[in-house]
2 protein chains.
Amino acid sequence: MATKGAEDAGVNDTGPSEVPHDTTLTAGQDEWSAYSGTRSTVKDKPLSSDELDKLTRYFHATLYLCLGMLYLKENPLLREPLKREHIKPRLLGHWGSDAGQSFTYIHFSRMVKKYDLDAFVISGPGHGAPGLISNFYLEGVYSETYPNKSEDVEGLQRFFKQFSFPGGIGSHMTPETPGSIHEGGELGYSISHAFGAVFDHPKTIALTIVGDGEAETGPLATSWHSNKFLNPATDGAVLPVLHLNGYKINNPTVLARISEDELIKLMQGYGWTPYIVAGSNLEEMHQAMAGTVEKCVQEILHYQKEAREDGKVYRPRWPMIILRSPKGWTAPRKVEDHYLEGFFRAHQIPLPKVHADDEQFKILEAWMRSYKPDQLFTEEGKLIPELRELPPKGNKRMSANPITNGGTIRKPLKLEDFRKWAIKVTNPGTLMAPSMNTFGEWMADIMKRNPTNFRLMGPDETESNKLSAVYAVTKKVWMGGYLPEDEDGGNLAPQGRVMEMLSEHTVEGWLEGYTLSGRHGLLNSYEPFIHIIDSMVNQHAKWLEKCAEVSWRQQVSSLNILLTSTVWRQDHNGFTHQDPGFLDVVANKSPEVVRIYLPPDGNCLLSVMDHCFRSTNYVNTIVADKQLHLQFLPMDDAIAHCTKGLGIWPWASNDAGAEPDLVMASCGDVVTQEALAATALLRQHLPELKIRFVNVVDLFKLMPHKYHPHGCTADEYAAVFTSDRPVVFNFHSYPWLVHRLTYQRAGQQLMHVRGYREKGNIDTPLELAIRNGTDRFGLAVLAIDCLKGVLGNRGSAARERFEKEKMESMAYAYETGLDPEDFTGWTWPF
Amino acid sequence: MATKGAEDAGVNDTGPSEVPHDTTLTAGQDEWSAYSGTRSTVKDKPLSSDELDKLTRYFHATLYLCLGMLYLKENPLLREPLKREHIKPRLLGHWGSDAGQSFTYIHFSRMVKKYDLDAFVISGPGHGAPGLISNFYLEGVYSETYPNKSEDVEGLQRFFKQFSFPGGIGSHMTPETPGSIHEGGELGYSISHAFGAVFDHPKTIALTIVGDGEAETGPLATSWHSNKFLNPATDGAVLPVLHLNGYKINNPTVLARISEDELIKLMQGYGWTPYIVAGSNLEEMHQAMAGTVEKCVQEILHYQKEAREDGKVYRPRWPMIILRSPKGWTAPRKVEDHYLEGFFRAHQIPLPKVHADDEQFKILEAWMRSYKPDQLFTEEGKLIPELRELPPKGNKRMSANPITNGGTIRKPLKLEDFRKWAIKVTNPGTLMAPSMNTFGEWMADIMKRNPTNFRLMGPDETESNKLSAVYAVTKKVWMGGYLPEDEDGGNLAPQGRVMEMLSEHTVEGWLEGYTLSGRHGLLNSYEPFIHIIDSMVNQHAKWLEKCAEVSWRQQVSSLNILLTSTVWRQDHNGFTHQDPGFLDVVANKSPEVVRIYLPPDGNCLLSVMDHCFRSTNYVNTIVADKQLHLQFLPMDDAIAHCTKGLGIWPWASNDAGAEPDLVMASCGDVVTQEALAATALLRQHLPELKIRFVNVVDLFKLMPHKYHPHGCTADEYAAVFTSDRPVVFNFHSYPWLVHRLTYQRAGQQLMHVRGYREKGNIDTPLELAIRNGTDRFGLAVLAIDCLKGVLGNRGSAARERFEKEKMESMAYAYETGLDPEDFTGWTWPF
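Criteria and thresholds
Residues numbered from 1 in each chain as written. Chains lettered and ligands numbered in written order. Predicted model: local features only at pLDDT ≥ 70, side-chain atom pairs only at ≥ 80, totals over all residues. Contact = placed C-beta atoms within 7 Å. Helix = DSSP H or I, 4+ residues; strand = E, 2+ residues; numbered from the N terminus. Nonpolar A, V, L, I, M, F, W, Y, C, P; charged D, E, K, R; others polar. Least-squares fit on C-alpha atoms with pLDDT ≥ 70 in both. Domains from an automatic or database assignment. Pairing = 2+ DSSP bridges. Axes fitted to C-alpha atoms, helices over the stretch in contact; angles between N-to-C directions. Buried ≥ 20, exposed ≤ 12 C-beta atoms within 10 Å, placed from the backbone. Right-handed = clockwise from strand over helix to strand, strands pointing away. Arc of directions from axis to C-beta. Parallel < 35°, antiparallel > 145°, perpendicular 65-115°, else oblique. Left-handed = near helix turned anticlockwise from the far one by under 90°. Core = buried A, V, L, I, M, F, W, Y, C linked by C-beta atoms within 7 Å.

On to the interface of chain B and chain A, then. Between chain B and chain A, the contact holds 146 residues from the first and 146 residues from the second. The element contributing the most residues to the side of chain B that touches chain A is helix α17 (residues 534-547) of chain B, with seven residues. A class-by-class count of the residues in the side of chain B that touches chain A yields 47 nonpolar, 59 polar and 40 charged.

Take a look at the structure:
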């Protein structure tokens, strides 16, 4: 059928041939096939024939283990003929990248031993975990970690069976895996995690295997630029190995099918020096890889020496490896006349019909035996001594590097008493002061006291977010080029410890890597755009949740996320910058690992942050506005309030000794000011009303205790909110979250929550508040409506007045573009 | 203080100098300064002096308008001396990239006219909207769209005042802006939107201005690879202009501070042919840009001709422009001895103290007058005729291109009656059939009938998601290299209409661009990883919400997101692949634009998808499992059920003519099967119980009608759920979402929801269900517990039995790795 588009284009019905054999699209086949001979940038062939033989046999041993993990539950060393009942009934796991990953690991381990390196591995394509787990087992680390997975036949059988089996381990580089700080379930974060882990670990090299599928993700694509933020003098190094496995689940990968010229330029453009190792011939590939990793290690050590001993401040064009090997390497090339090795069919279980199909069953056994397990393992079932000698020993084994269990090397942050930075509050609600700037002053002190143990991350917003006080003690790390203008307030330095790149993904990945490897940090971000990393934070929370179940994992610093430039004061940024919903995403994660704080003022912000910096194994989300703010609590009161997590503010309440008519509650700083102003309006105009003012700092206090460790018991909740009085609750985020947390509470039907709702327009703070009913007038009107039974007609005049004042305020804003002075400049009147 | 890291590295206390003037970090200053002379890859100087003069004056007119938008509310043409009261009291907006964007737009408009092109513009750094809006006004489009912003003094005054003003327009390229399909509030999607808009629009060129801040984001960094998915014969072209403005809010940009060699290689590596235009001298820059855009247009037309007339199937190395110009170009270079032009201080309002500071006030007036407004505008206040002649006319004006109001060119999808693909269900709950494969068969027909109007997007999962039936009629578009293996089931073709790249961001961006420009599509994705694009979907929902408020915006096709590979059947993928929380994110958006469907079986899936494909201006989220599934409803019943959105299933209920003892409810396919099995258990073992079975397809039915147009009224809700009987609700996602939607419903305290909760482990479907209580046994036990008052001791034996059966099932799973046969193979027994 002719189509409009095709007609327009002068293209006939069928269009160009569907199989483009006669076109430029097939012109680079030699370059992007792993079967067109071995090619290597480095020409050295450093391996003796003895070494070559041993490496090959060791490699085969790991691959045998990979297949064992995928297929076997019994008969681990095939000491009897393979039977169907030896095979797991349900076959799960990935074979595709196992060989390439094991190959890479083995070669780098050789360098670790030769150069006495301090290294660990990150597996981007975590789905190929068997390739690495098999190595960790052969090195002995797996058995040391899990003694019942011992280095013998029984241990091996258990090691095989547990893989992707109920009650066992997952098929990725999960937290249960020793040596892992990166699961690779969700793709895209291998490079940023690797950089995070080597910042301030000057001796460490992160061998980072990047899948070519992963390389297509946005987060990975920009994370190559991390090299502009790494200082060779004081940070370690990342050696990326871009594994051109060739295929994703069902597609070729982009980077495996562009010309080699483009690929090399791309990596050079990212600032790396690429070395190609391509082919499928095992002996040749061993020589090529051995020569290449050695070249890379020498370059890394050379650059570090220049920077450290010669004091040369520069950005090296660090080496990286492009490893092109067949997907499913060493599998049969074809099965049933379809490609297996070197095609996407090798992605997961290579022989899925092994249970029902005799041919596949035979192929499996022959294939496993082709690695010669009988010659690789002793009678006891342990790797033979001459191969067991190959890997490095002790903590030099990459899987045993202490930084991969970061809690073991974590040192608490050195924190001066934050009370020193207290905002002096004498009368609550009367002083305007900059909460965030004050916190920034304390941050500066923290950064000064912890010069190699703490980093402040942000996507270009640290100054906008009012934390620029830190620049008095440190700068923004910058290994890009410098211009004279930079001295005019640029705050850049190769030694800087503030890290800013306009990629939420990258800075979040750095921070995750930094904390998982035993250090501390904070990410500050505009509230609306934190949704960009919803999925990363989800995954990190899952990682922490699982770590808590793994006994040998020591606790790491919490991931601290400070959200500012919040929804209520986005001004001209408008509708796209209004989204306080990150809290909903976080609240879905395990109560064991998530915490949410909304400090109402500057002293509470300090108190909350102090708690967060000391805490471990949480994702702490803190929401605080960056603008000038009314201050409520003297420091001691703030500490007491934050420690309780919620409480009545007696100075704002007039229900002492009695049951209140109304509870006015708030959670969030801007909305607290409005709720307080509404309380003042009500008390001025309806002085007979008994109003209790409640503020919530720790959001999970609202949740029943059985669902969250911070949750109030029923009695605690009722003591604050009552169970039979109307509650007007002014909330920072979408209102439903409060209902979600409190739907089981007695009196929940009397809970009236105001918060943000999506309605597109450009808004001043006042306008936005009024349109959402979170403004003082709206709240006061709502309160009167709730109290109809109590007030009768008494509220009508006040209600009318509030409605009128709201209209006047809006009219003023529309006329002038400004909020009325009494709106922004309001203070507590009692 | 000496630090451990520094000691380790052999670095002394102070480390390398903080100001690296004597290092390689300053070695490229000529390259990355816009002040080191004009440099251009293309050497042509095509402009006559007359043209040059006119272009310069036109450019100045746009810049004058930019400043007017930022500063003025009165005296728009400065026909009287500037007074403080002419200036907006609150100054909001961005100046930084205005000049570069206007410059680019003007030069490309010249090409549009010369070559009679069909083009439009995408502004990546939407914060520099004045640079383009000023052009749209001068072209007349703004006044045609908003007649009171007429081309005269009064109109201009209103045009200025409304910018970033309450009741006016936002400061980005918001939906109110004619010619915009991309707001640029959240950064990163300009290139993917541009590609989406030109797919199947073979004549269209998307001039795409990419900010160098935006270029640091992950989504943007990978979207350059979109050129591997564009067919020059049948698609249009994208001309990216990477605007090296040099600075973000407070930092230099990465790409502006790497060597030019790296930058060029990076772009070449991405598959583009970069042309550099760099400098600050206006005359020279005009010549350079004029020559460069012409070269680019000629190349684009040449490649298209080769592909279309000569039938050459290849991937051109499309041209792109790297424009390096000063940030805030044409502003004063320094103010108060600090850099303004060419530094990050020019990012937002260049003279923020103009109200209070006499010096700044004077500078502003002089600066504005330097553009000579008195010579650019007629007495009436319209651009003088000789300049008014410059832009193209009518719909050739980029801001008037109909594809930027996609609804105007949208054609409904050609849909065969989906009943043709009905699954034949005779007895409900007894047939196992593949819902997703069946939908795939219908998809194939849709793709056949709509060969230039519909695209199926996915991140490498279309086959895994069981939609591979489409490959019978089309292939996956692939302009990367081909290998012989691809013919063994690779399903690749340059003409393919399935689009797969392992970047959720890119495929989502393509689909957004494709639908906003008037076409149709579907994104299919694994459920857990849809969180990767939370923020994009948020932004798209906001765009649609605002469009609905803009009267001239015609309705576009809904954004359809099909989530499969869902939480309940993630098998070995484990904990990282378990997250059904996207629904919470979507549910926060405006009720006017979001819809969520969870069809319980194959026929319901067809009915729901038919509705979604016909709908406009929504974000439709559909959740459906891809595995074999029990089928419940014959097609007519399915249509009736989906049309109602929720309902009682009489065949599964035994409460006819009576009030039920219990309502068993479900929403989601896997959980419906379990809820039904629980119902069967209860009815078999406690036949005296009256149980009503309810299924919910349209999640928002649960919400009160006043909060969502789909919401049930109180009566409708009570007619289904009762208001006084216990409800056991088995839910696909996190359980709290149901509570959030129903907390105001009468009887909500009797609502017991089971759903997914975060607990890390490797799980079979059975294990996961049991651990979350969504399994048949758990639900039946819960029901008995809820009915204690009714049942007394009668339920004890049944309860014990159910607990025992659960344990036996689990034990079997742990032993074998399989779910018991009766769990997966269960059918409705009545």
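When chain B is fitted to chain A, the residual RMSD is 0.0 Å, and the transformation amounts to a turn of 180° plus an axial shift of 0.0 Å. These values place the two chain copies in the arrangement generated by a two-fold rotation axis. Residue B:Gly218, judged by its C-alpha, is the member of chain B lying nearest the rotation axis, at 1.9 Å. Comparing interface residues between copies, 100% of those in chain B also sit at the interface in chain A, which points to an isologous, same-surface contact.

Residues and elements named next belong to chain A. One can read the domain layout of chain A as domain 1 (34-400), domain 2 (418-628) and domain 3 (645-824). Domain 1 and domain 2 are separated by 35 Å when their C-alpha centres are compared. Across the boundary between the two partners, domain 1 contributes 29 residues, which contact 30 residues of domain 2. Within the residue set of the side of domain 1 that touches domain 2, elements represented by two or more residues are α8 (190-198) and α9 (218-223). Residue composition of the side of domain 1 that touches domain 2, grouped by class: 11 nonpolar, 12 polar and six charged.

Attention shifts here to the sheet that holds strand β22 (residues 727-731) of chain A. Pairing between sheet strands relies on hydrogen bonds along the backbone, with the strands arranged either parallel or antiparallel. Residue and element names in this part refer to chain A. Spatially, five strands are ordered β19-β21-β20-β22-β23 in an open sheet, and the strand pairing comes out mixed. In this open sheet, the two strands that pair with only one neighbour each are β19 (646-648) and β23 (751-754). Between one strand axis and the next, the sheet turns through 20° on average, direction left out of account. Examined bridge by bridge, β19 and strand β21 (residues 691-696) share three bridges and lie antiparallel to one another. The residue of β21 that forms the bridge with Gly 647 is Asn 695. Strands in contact with helix α22 (residues 714-721) are β19, β20 (662-667), β21 and β22; relative to β19, the strand with the most contacts, it is inclined by about 40°.

The next thing to look at is the sheet that holds strand β5 (residues 273-278) of chain A. Residue and element names in this part refer to chain A. Read across the open sheet, the six strands follow the order β1-β5-β6-β4-β3-β2; overall the sheet is mixed. This sheet does not close on itself; its edge strands, each paired only once, are β1 (39-40) and β2 (118-123). Note that β2 and strand β3 (residues 204-211) share six bridges and pair parallel. Note on β3: the bridge partner recorded for Ser 123 is Ile 209. Helix α4 (residues 98-115) contacts β2, β3, β4 (237-244) and β6 (319-324) of the sheet and is inclined by roughly 170° relative to β2.

Before going further, it helps to examine the pairing of strand β21 (residues 691-696) of chain B. All names here are of chain B. The buried fraction of β21 amounts to six of the six residues, a majority that puts the element mostly inside the structure. Where burial is concerned, the two faces of β21 agree: the one with Ile 691, Phe 693 and Asn 695 and the one with Arg 692, Val 694 and Val 696 are both buried. Where strand β20 (residues 662-667) and β21 come together, five bridges link them in parallel fashion. Following the sheet pairing, Ala 665 is matched in β21 by Val 694. Traced from β20 through helix α21 (residues 669-685) to β21, the parallel crossover comes out right-handed.

All names here are of chain A. Of the residues making up α22, those classed as buried are Tyr 717, Val 720 and Phe 721. Axial view of α22: buried residues confined to an arc of 80°, hence all on one face. Of the residues in α22, the exposed ones pointing more than 90 degrees away from the buried face are Asp 715 and Ala 719. For α22, the elements touching its buried residues are β19, β20, β21 and β22.

This part takes up the packing of helix α3 (residues 49-71) of chain A against helix α5 (residues 129-139) of chain A. Residues and elements named next belong to chain A. Where α3 meets α5, the axes come as close as 8 Å, and the angle between the chain directions of the two elements is 115°. Considered as vectors, α3 and α5 are oriented roughly perpendicular to each other. Our pair here, α3 against α5, has a crossing hand that is right-handed. Within the contact between the two elements, α3 uses Ala 61, Thr 62, Leu 65, Cys 66, Met 69 and Leu 70 and α5 uses Pro 130, Gly 131, Ser 134, Asn 135, Tyr 137 and Leu 138. Here the residues of the contact of α3 with α5 are counted per class, giving eight nonpolar, four polar and no charged.

Next up on the list: the nonpolar core. Membership of the largest hydrophobic core comes to 534 residues, with the highest contact counts inside it found for A:Met664, A:Ala780, A:Ala783, B:Met664, B:Ala780 and B:Ala783. Filtering out sequence-adjacent residues up to four positions away, B:Met664 remains in contact with B:Ala675, B:Ala678, B:Thr679, B:Ile691, B:Phe693, B:Val728 and B:Ala783.

Attention now moves to unusual backbone geometry. Phi is positive for A:Ser164, which is not a glycine, with a value near 50°. Secondary-structure assignment places A:Ser164 in the loop between α7 (153-162) and α8. Even without being glycine, B:Leu78 reaches a positive phi, approximately 50°. Here B:Leu78 is to be found in the loop between α3 (49-71) and α4 (98-115).

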